[in-house]
Amino acid sequence: MTKHDLSLFSAVQSAEGIRDGRILSEALVEDCLKRIEETDSTIRAWAYLDAGVALDQARELDRIRKAGRATGPLHGVPVGLKDIVDTKDMPTQRGTPIFSGRQPEADARLVECLREAGAVIMGKTKTTELAFMHPTETTNPFDATRTPGGSSSGSAAAVAARHVPLAIGTQTGGSVIRPASYCGAYGFKPTRGMISRHGVFRTSVSLDHVGGFANALEDIALLTNVVSRYDQRDPASFARPRADMLSGAQADVPVEPNIAWLDFPFNDRLDEDALEGLNAVIEGLGGRVERFSVSSQLADLITVHKTIYDYEIRQNMVEISNAYWPELSPEMQSAITRGGDISEAEYEDALAVMASAQGFFAEYFNEFDAILAPAATGEAVPLSAGHTGDSVFCLTWTLAGLPCLTLPLLVGQNDLPIGVQLIGAIEEDDRLFRTAAWVQRTLKTQE
C-alpha cells in the first residue's frame, strides 16, 4: 500500500476509508500529530493536546470497526474543539488564566454527538479571552505575522494547517466566518438553534451560535449534520427535524439560483483587493446576482447587535467580573462597562428589532436563494494591530440567526486568502449548501 499523508485527506474521504478498512484511524491521527509537531511551535493553535489520549481513542475505534460493530459518520476522524466547549476528560480553560486547569464534570451536548458519531476528540484549540476580543497567541498559518481571526482562532488555524480535518468554533459576532476567511478554510454557522450550546461557555444567550471549520464543503456539511440535534436544555434549540446539509452540498440545483448583494454603507471598509475579487465573483456568476440599496433600518442592525451583545455579556460576566476584575482585559472591562450603561428598555427594544429582522429575512428568501456578502474586510490583519479583525460583515446575519458560510474563493494582493460569505434562509441550511456548491462549480468553469 502506498503511504499517503493522511492529514491531507478530507473528512469524508477519511471516514469512508476507515469504514472500508482501507486506512486506520490510528494512522490518520498519527499523521495529524506529526503535522502538529512540525508546525504548531509557530502557529500555536492548541490549548490542550495529549497525543496518547488521541491515539488511544483511535485504536479503540479501529478495534470496534474490526470487530464488525456499528460505525458512525465520523468514525475515527479527529476533531478539534474550541476551548470553551466542555469535555469531561480534558480541561476547558476558556482562553484565560482565570480558568487555568478547569476540569468540567461532563461533556457538552455537541461533544456527546461527536463521540456517538465515532469522532476522535483530538484536543482543545485556543480562543480569545472568554471568546471575546482580546487576542490569543495563535498565528495565521499562511503568515505568522498576521492574525488567524477570532474568537475561534485556534480552530480555524488548526484546520487550515491540516492539524485536523474538522474543528468546532462559535460565533456571537463573526467568530467563525471571519477566521475562516483569514485562514482560507470553509466556515459555517448554521441556523440559530440547530446545534445545542449546552456545555459551551455563554457570552450572549440571544446571539451565541456553534459552528465549525473544514477544508471542503462536504466536510463542513457532514460535521454540522453530526452535531445538529435538539436539546431542551438550550432555550434556542428547536424540536423539529433538521436539514440534511451533506445532501444539500452533494445536490444539483433544480434551477439556477437567484442571489442578492446588498450595498451596505459600511461596504466602504472593504480593502481594494477584496472589493475587486467580490466584483469578479459577481461577474463570474453570470447575471444571477442582483444588487440592492439598503434602508437605514437594515443598515442599523449592526448597532442593535452591539446593544444586545454588550447588555448580555455584562449579565453573563457578573460573577467573573466581581471576582476577577483586575485579571480581565481592557476589551472585556470596556464591554462590561458599556453594558451597564444600557437600560432594560433599550435592551428590550433591541430584542424586538431582532425579532423584526428575522421576520424580514423570512420574507426576503422567498425571492432569493442566498445573499452574497464579504466575509471580512480583506486579508488577515497584522498581529501588530492588536485585534483579530473587523466583524462588521457578519453582525447582521448573526443577529437574524441566519445560516452563514465562508467559501475560500479569493486571494489578496499579498497572496493571502479572502473568503466570500453566502447567507441563507432560516432552517434551509441544505438549500444554502446546494447554492454554495453551484457557486463553486460555476466559478470553476470561468477559470
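In case you missed it, the structure is sitting above this.
Cut-offs applied
Residues numbered from 1 in each chain as written. Predicted model: local features only at pLDDT ≥ 70, side-chain atom pairs only at ≥ 80, totals over all residues. Heavy atoms only, no water. Helix = DSSP H or I, 4+ residues; strand = E, 2+ residues; numbered from the N terminus. Rg over C-alpha atoms; globule rule 2.2 N^0.38 Å. Buried < 20%, exposed > 50% of the residue type's maximum accessible area, 1.4 Å probe, protein only. Contact = heavy atoms within 4.5 Å. Areas by Shrake-Rupley, 256 points an atom, 1.4 Å probe, with all protein chains shown as cover. Lys, Arg positive; Asp, Glu negative; His and termini not counted. Charge placed at Lys NZ, Arg CZ, Asp CG, Glu CD. Phe/Tyr/Trp six-rings, centres within 6.5 Å; stacked < 30°, edge-to-face > 60°. Lys NZ or Arg CZ within 6 Å of the ring centre and 35° of its normal. Salt bridge = Lys/Arg side-chain N within 4 Å of Asp/Glu carboxyl O. Axes fitted to C-alpha atoms, helices over the stretch in contact; angles between N-to-C directions. Parallel < 35°, antiparallel > 145°, perpendicular 65-115°, else oblique. Left-handed = near helix turned anticlockwise from the far one by under 90°. Nonpolar A, V, L, I, M, F, W, Y, C, P; charged D, E, K, R; others polar. Pairing = 2+ DSSP bridges.

## As for the overall build of the protein chain
Consideration 1: Scanning the protein chain from N- to C-terminus turns up 16 helices and 11 strands.
Consideration 2: The C-alpha atoms of the protein chain give 21 Å as radius of gyration, which agrees with the globular expectation for 447 residues (22 Å, within 12%).
Consideration 3: Principal axes of the C-alpha set define a box for the protein chain whose edges measure 60 × 55 × 45 Å.
Consideration 4: Scored against the burial criterion, the 447 residues of the protein chain give a buried share of 60%.
Consideration 5: Looking at the protein chain alone, contacts between residues at least 24 apart form 78% of all its contacts between residues at least 6 apart.
Consideration 6: Summing over all exposed atoms, the protein chain offers an accessible surface of approximately 17400 Å²; the carbon and sulfur share of this is 48%.
Consideration 7: Of the charged side chains in the protein chain, 40 are positive and 61 negative, and the gap between their average positions amounts to 6 Å.

## Here's the deal with the packing of aromatic side chains
Consideration 1: Tallied over the entire structure, the rule returns 14 aromatic pairs.
Consideration 2: Seen in terms of ring centroids, Y311 and Y347 are 4.0 Å apart; in terms of plane orientation they differ by 10°. Their pairing is stacked. Here Y311, found in helix α11 (residues 301-316), pairs with Y347, found in helix α14 (residues 344-364); they are 36 residues apart in sequence, far enough to count as distant.
Consideration 3: Taking the relative accessible area as the measure of exposure, Y311 reaches 14% and is therefore buried.
Consideration 4: Between Y364 and F368 the ring centres are 5.4 Å apart and the planes differ by 20°, which places this aromatic pair in the stacked class. For the pair Y364 and F368, a shared accessibility class is recorded, and that class is buried.
Consideration 5: Pairwise contacts between aromatic rings join F264, F266, F292, F360, F361, Y364, F365, F368, F393 and W397 into one cluster.
Consideration 6: Here the basic side chain of R94 rests over the ring of F99, its NZ or CZ set 4.6 Å away from the ring centre.
Consideration 7: Stacked on the ring of F238, the Lys or Arg R242 has its end atom at 4.2 Å from the ring centre.

## Structural notes on the pattern of salt bridges
Consideration 1: Counted according to the given criterion, the structure contains 22 salt bridges.
Consideration 2: The salt bridge involving D252 is made with R441; its shortest N-O contact spans 3.6 Å. Of this pair, D252 sits in the loop between α8 (245-250) and β7 (259-263) while R441 sits in helix α16 (residues 429-446), and the two are 189 residues apart along the sequence.
Consideration 3: The class for D252 is exposed, based on a relative accessible area of 60%.
Consideration 4: Since its relative accessible area comes to 38%, R441 is described here as partly exposed.
Consideration 5: Across the pair D310 and R338 runs a salt bridge, and its minimum N-O distance is 2.8 Å. In this pair, D310 sits in helix α11 while R338 sits in helix α13 (residues 330-340), placing the two residues 28 residues apart along the sequence.
Consideration 6: Overlapping salt bridges, with partners in common, bring together E26, D56 and R59 in one network.

## Re the environment of E348
Consideration 1: Considering the arrangement of structural elements, one finds E348 in helix α14.
Consideration 2: In this structure the C-alpha to C-alpha distance between E348 and T172, which are 176 residues apart in sequence, comes to 18 Å.

## Overview of the packing of α11 against α14
Consideration 1: Running from N to C, α11 and α14 point in directions that differ by 130°, and their axes come no closer than 9 Å. Compared by their axis directions, α11 and α14 come out oblique. Between α11 and α14 the crossing geometry is left-handed. Within the contact between the two elements, α11 uses L301, V304, T307, I308, Y311 and E312 and α14 uses E344, E346, Y347, A350, L351, V353, M354, A357 and F361.
Consideration 2: A breakdown of the residues in the contact of α11 with α14 according to their chemical character gives 11 nonpolar, one polar and three charged.

## Considerations on helix α5 (residues 153-160)
Each α-helix winds once per 3.6 residues, and so residues spaced three or four apart point in a common direction.
Consideration 1: Burial analysis of α5 places eight of its eight residues in the buried class, the great majority of the element.
Consideration 2: Among the residues of α5, S153, G154, S155, A156, A157, A158, V159 and A160 are the ones counted as buried.
Consideration 3: Just beyond α5, the residue with positive phi is R162, at close to 65°.

## Considerations on the pairing of strand β11 (residues 417-423)
Consideration 1: Across the seven residues of β11, seven count as buried, placing the element largely inside the fold.
Consideration 2: Side chains P417, G419, Q421 and I423 of β11 all project onto a buried face; the interleaved residues I418, V420 and L422 project onto the opposite face, where all are buried too.
Consideration 3: Two strands pair when backbone bridges link them, and strand β9 (residues 370-374) and β11 are joined in this way by four bridges, in the antiparallel orientation. By the bridge assignment, P374 is partnered in β11 with V420.
Consideration 4: Sheet topology note: the strand β10 (residues 404-411)/β11 ladder contains six bridges and is antiparallel. What sits directly across from T406, in β11, is Q421.
Consideration 5: Hairpin geometry of β10 and β11 is characterised by an intervening segment of five residues between the two adjacent antiparallel strands and by a positive phi of about 65° at D415.

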